[in-house]
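Geometric and topological summary
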Amino acid sequence: MVGLQLGQSLLHRDGQKVYFIAEIGQNHQGNLDVAKRMIQEAWKAGCDCVKFQKSCLNEKFTKSALQRKYDGANSWGKTYGEHKAYLEFSIHQYRELQQFSQTLGIEFTASAMDEVSLSEVDSLDVPFIKIGSGDANNFPLLEKAATLKTSLVISIGMQTLNTVERIVHIMEKAKKTNFALMHCVSSYPTEPQNCELLRIRWLKEKYPNLVIGYSGHEIGIEISKAAVLLGARIIERHFTLDKNQKGSDHKCSLEPWEMKNLISAIRDMHPIMDSTICLKISDIISLLHESPDVKNALKSCANEKTIMPCEINCRNKLGKSLVAVKNLNIGHIISSPDLCVKVSEPNGISAEYIEDVIGLQLSENVIVDDPLLWHCINKSQ
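These numbers were taken from a predicted model, which means no experiment stands behind them.

1. Let's talk about helix 4 (residues 80–87)
Turning to helix 4, its buried residues number three or more, namely Y80, G81, H83, K84 and L87. Projected down its long axis, helix 4 shows its buried positions confined to an angular sector of 160°, all on one face. Of the surrounding elements, those touching the buried residues of helix 4 are helix 2 (57–60), helix 3 (63–66) and helix 15 (312–318).

Structure follows, in structure tokens:
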């Protein structure tokens, strides 16, 4: 039976065990004491793991992206850089949070959102490293992650089938087998009709040697229950102490009582989970009391995975672009060392096209830390 070790848990692709991740992210409001309280509440709710988000801001963002004006209702600074810096914990604070988690008996990890953060998170000896949807097309990061012994959990929101296949190819090339794919829709919150929940079954059929999970951004818990009945064995949900707090992620997060109810409900479903592969859609709807949200989430999805219209806003805001690591002059032939992958302002050529631009000639000068744009490339070659 296909399995994946995440910390103390051995997950079987069609087994009864479901691994629950409380995605604290940056819902801690930049406060270490609040973060500890959230860890404690996630432990009380029965979660297996708490997850944060680790970034080295200068590695993840271009200078122009960090300097972008950002003074809306959810901002913690006048610029996006100030906002992110306010919410970012240091690696020393991460160690303190990890030690606190260990005293409770709950596992601790983080999403690594750039190569520096990947090394930092790996140094913590975590049960797994999360690669978020925003980095699922960041092939240099994935190639580095594939060399690590640590297990990987990779969300594939706002990505195409070609990108998903490339992720799997990168792992196979590195002979890495301890990774999971997470169905995800990068829309906050995700409307039920956009959840494409049948993508879980599609992924299981396409990748029979992988554990498949679900990272949900919908309101409520019924759709996440359906995800388990479809075969998801990792469930990740954003977690908050209060949905009314300042911040864009709180409204699609679960409060402690909701997380506890979700975990309890899924554990109650254990007797039928060995036969989930045989469950019809009508069976799942019936088991979940004819929930309208579940009915909408279980509507058919496209045969080929594409970027959904509801994901465009997130992709425009947080999608990664190809960026120059030094000044590049007109006529220069682009090579791999010339480029890195960052969130840029404005958006440049999307990160998944890195191999397509290697060997092409620049038709304009490109300044260090600026995104590479298609009009800067000589297309007559």
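Don't stop here, the text continues.
2. Some details on the pattern of salt bridges
A full pass over the atoms with the stated rule returns 23 salt bridges. In this structure, E345 engages R68 in a salt bridge whose closest nitrogen and oxygen atoms are separated by 3.6 Å. Pair noted here: E345 is in the loop between strand 12 (339–342) and helix 16 (354–357) and R68 is in the loop between helix 3 and helix 4, with a separation of 277 residues, a long-range link. For E345, a relative accessible area of 37% puts it in the partly exposed group. Of the residues examined, R68 reaches a relative accessible area of 26% and is grouped as partly exposed. Salt bridges sharing partners connect three or more residues here, namely E23, K51, K130 and E236.

3. Focus on the nonpolar core
Membership of the largest hydrophobic core comes to 97 residues, with the highest contact counts inside it found for F52, L181, L197 and L372. With near-sequence residues (within four places) excluded, L181 lies in contact with I154, I156, V164, I167, V168, L203, Y207, L210, V211, I212 and G213.

4. Examining the packing of helix 10 (residues 222–229) against helix 11 (residues 256–268)
As a packed pair, helix 10 and helix 11 sit with axes 10 Å apart at the nearest point and diverge in direction by 30°. Accordingly, the angle class assigned to the pair helix 10 and helix 11 is roughly parallel. Classified by chirality, the crossing of helix 11 by helix 10 is right-handed. For the pair helix 10 and helix 11, contact is made by S224, K225 and V228 and by L262, A265 and I266, respectively. The residue makeup of the contact of helix 10 with helix 11, split by class, is 4 nonpolar, 1 polar and 1 charged.

5. Comments concerning the packing of aromatic side chains
According to the stated counting rule, one finds 8 aromatic pairs in the structure shown. Three or more aromatic residues joined by ring pairs make a cluster, and in this case those are F52, Y94 and F108. Over the ring of F139 we find R166, and its NZ or CZ is 4.4 Å from the ring centre.

6. Brief notes about helix 11
With 13 residues, helix 11 extends 18 Å between its outermost C-alpha atoms, agreeing within 8% with the 18 Å of an ideal straight helix rising 1.5 Å per residue. Along helix 11, the residues classified as buried are P256, E258, M259, L262, I263, A265 and I266. The secondary structure elements touched by the buried residues of helix 11 are strand 3 (19–25), helix 1 (32–45), helix 10, strand 10 (234–238) and helix 12 (270–273).

7. A word on the state of the cysteines
If you walk through the whole model with that rule in mind, you get 0 disulfides. Summary of cysteine pairing: C184 is not part of a disulfide, and the nearest cysteine sulfur, belonging to C314, is at 8.4 Å. For C184, a relative accessible area of 3% translates into the label buried. Note on C314: relative accessible area 12%, which makes it buried.

8. Quick look at unusual backbone geometry
In this structure, the amide linkage connecting Y188 to the following residue, P189, adopts the cis form with an omega of -5°. Here the residue pair E345 and P346 is connected by a cis peptide bond, since its omega of 0° sits within 30 degrees of zero. Of note, P346 is situated in the loop between strand 12 and helix 16. Even without a glycine there, the phi angle at E196 is positive, about 45°.

9. Some remarks on the pairing of strand 11 (residues 321–324)
Successive residues of a regular strand alternate their side chains across the two faces of the sheet. Neither face of strand 11 is open: one carries S321 and V323, the other L322 and A324, and all of them are buried. Relative to strand 12, strand 11 runs antiparallel, the two sharing 4 bridges. Looking at the pairing, S321 lines up with K342 of strand 12.

About the criteria used
- Residues numbered from 1 in each chain as written.
- Predicted model: local features only at pLDDT ≥ 70, side-chain atom pairs only at ≥ 80, totals over all residues.
- Heavy atoms only, no water.
- Buried < 20%, exposed > 50% of the residue type's maximum accessible area, 1.4 Å probe, protein only.
- Helix = DSSP H or I, 4+ residues; strand = E, 2+ residues; numbered from the N terminus.
- Arc of directions from axis to C-beta.
- Contact = heavy atoms within 4.5 Å.
- Salt bridge = Lys/Arg side-chain N within 4 Å of Asp/Glu carboxyl O.
- Core = buried A, V, L, I, M, F, W, Y, C linked by side-chain atoms within 4.5 Å.
- Axes fitted to C-alpha atoms, helices over the stretch in contact; angles between N-to-C directions.
- Parallel < 35°, antiparallel > 145°, perpendicular 65-115°, else oblique.
- Left-handed = near helix turned anticlockwise from the far one by under 90°.
- Nonpolar A, V, L, I, M, F, W, Y, C, P; charged D, E, K, R; others polar.
- Phe/Tyr/Trp six-rings, centres within 6.5 Å; stacked < 30°, edge-to-face > 60°.
- Lys NZ or Arg CZ within 6 Å of the ring centre and 35° of its normal.
- Expected span 1.5 Å × (residues − 1).
- Disulfide = S-S within 2.5 Å.
- Pairing = 2+ DSSP bridges.

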